[in-house]
Amino acid sequence: MPSTMTCVDRASGQPKLAFGTDDGRILLWDSKTGKMRLFGRPTEKAISQIQVSADATMAMTGGIDGSVRIWDLSKADASESLAALGGVIRGLALAPDGRHAVAVAASGVAILVDVRAQRMIRRVNLNRPLHSVAWSADGEQLVIGGNRGSLHLYGRGLVQPISQIEAHNGAVVGALFSPSGKRVITIGNDDQVAFSNLVTGRSGAILYGSHSSALRDLAISPDGRALATCDAGGEIRIWSVAK
């Protein structure tokens, strides 16, 4: 078994979790039956990001070597390389419909992938390290978090930036859209949780010093009323959020 699980994603339509590992493999765990299955062969290239389809039949991974791969989870060793981004993959996100995905890297490169065709359809260079990416609930917008606190808003085609919002005083390590699509909520290495208004194009409410150690991830409830944040020390906090 791998010694370390490096990242995790949940299959929204199945009671299954997919873990990336430090030896480049995927571990799929069925929380209902308790069964586990490993995919791939051990390597020295750890997985840094993972996304799994709603039915848990496909996964995408990003590695510390800058590679983006797609996995057929009906087979033990079936994965295909889609692209090399030249830097650690810091963010990876499947579109809500599962047809496209975006990966961003520390090299400043972002790519748009056609999941069904298993090919890259667009590659852009933002010329600055990138740390996070998220889709809006309707799949029409993307937000990419940079290393200097900037949020870069794009349409679904990743062609031209729609707008840019300054939200943090350091890297944007996590991002998501509110269910309404009117706000982007982000966490940064400045220990702040920022709420950016997409109508006004400005960063608004900020939670500062909310955790005792560095922020690592965030999630929001389907109704947008509860926000969860977690830190490097393992602490999870739940916040009540105005719609």
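Located above this text is the structure these notes cover.
These figures come from a predicted structure and were not determined experimentally.

Q: What is the right way to look at the sheet that holds strand 8 (residues 79–84) in this model?
A: Picture the strands of a sheet paired through backbone hydrogen bonds; they go either parallel or antiparallel. Spatial strand order, 5-6-7-8: four strands in an open sheet with antiparallel pairing. Here the strands that pair on one side only, and so sit at the sheet edges, are strand 5 (47–52) and strand 8. Taken over all neighbouring pairs, the strand axes of this sheet differ in orientation by 20 degrees on average, direction set aside. With five bridges connecting them, strand 5 and strand 6 (residues 58–63) associate as antiparallel partners. Counted as the bridge partner of Ile50 is Thr61 from strand 6.

Q: Sorry, what's going on with the pairing of strand 12 (residues 119–125) here?
A: Looking along a regular strand, one sees the side chains alternate between the two faces of the sheet. Bridging between strand 11 (residues 109–114) and strand 12 involves six bridges; their strand directions are antiparallel. Counted as the bridge partner of Val109 is Asn125 from strand 12. Linking two consecutive strands that pair antiparallel, namely strand 11 and strand 12, is a turn of four residues; a positive phi of about 55 degrees is found at Gln118 within it.

Q: How should I be thinking about the side chain of Ser221 in this particular structure?
A: Within the secondary structure, Ser221 sits in the loop between strand 21 (215–220) and strand 22 (226–231). For Ser221, the side chain forms a polar contact with the main-chain nitrogen of Arg225, separated by 3.3 Å. When near neighbours in sequence (up to four residues on either side) are disregarded, Ser221 contacts Pro179 and Ala226.

Q: Any chance you could explain the environment of Gly188 here in plain terms?
A: Relative to the assigned elements, Gly188 resides in strand 18 (residues 183–188). Taking the C-alpha atoms as reference, Gly188 lies 9.7 Å from His131; in sequence the two are 57 residues apart. If we ignore the near neighbours within four places in the chain, the residues touching Gly188 are His168, Ala171, Val172, Val173 and Leu215.

Q: Would you mind showing me how to read the pattern of salt bridges here?
A: Think of it this way: side chains of opposite charge can pair up when their charged atoms draw near. The final tally for this structure, using the stated rule, is five salt bridges. Three or more residues are tied together by salt bridges with common partners; here these are Asp97, Glu140 and Arg156.

Q: Would you explain the nonpolar core in this entry?
A: When a protein is soluble and globular, its nonpolar side chains tend to lie buried together. Met60, Val68, Leu85, Ala103, Ile111 and Val115 are the most contacted members of the largest nonpolar core, which has 17 residues in total. For this core, the secondary-structure elements that each account for two or more residues are strand 6, strand 7 (67–72), strand 8, strand 9 (89–94), strand 10 (100–105) and strand 11. In this structure Met60 touches Gln49, Ile50, Gln51, Val68, Arg69, Ile70, Leu82, Leu92, Leu94, Ala101, Val113 and Val115, once residues within four positions along its chain are discounted.

Q: Can you help me understand the sheet that holds strand 17 (residues 172–177) in this one?
A: Strand order across the open sheet formed by four strands is 17-18-19-20, with antiparallel pairing between neighbours. Each end of this open sheet is capped by a strand with a single partner; those strands are strand 17 and strand 20 (202–208). Along the sheet, successive strands turn relative to each other by an average axial angle of 20 degrees, direction set aside. Relative to strand 20, strand 19 (residues 192–197) runs antiparallel, the two sharing five bridges. From the neighbouring strand, Val193 faces strand 20, where its bridge partner is Leu207.

Here is what the cut-offs are and how they apply
Residues numbered from 1 in each chain as written. Predicted model: local features only at pLDDT ≥ 70, side-chain atom pairs only at ≥ 80, totals over all residues. Heavy atoms only, no water. Pairing = 2+ DSSP bridges. Helix = DSSP H or I, 4+ residues; strand = E, 2+ residues; numbered from the N terminus. Axes fitted to C-alpha atoms, helices over the stretch in contact; angles between N-to-C directions. Polar contact = N/O pair within 3.5 Å; in protein donor to acceptor, adjacent residues only side chain to side chain. Contact = heavy atoms within 4.5 Å. Salt bridge = Lys/Arg side-chain N within 4 Å of Asp/Glu carboxyl O. Core = buried A, V, L, I, M, F, W, Y, C linked by side-chain atoms within 4.5 Å. Buried < 20%, exposed > 50% of the residue type's maximum accessible area, 1.4 Å probe, protein only.

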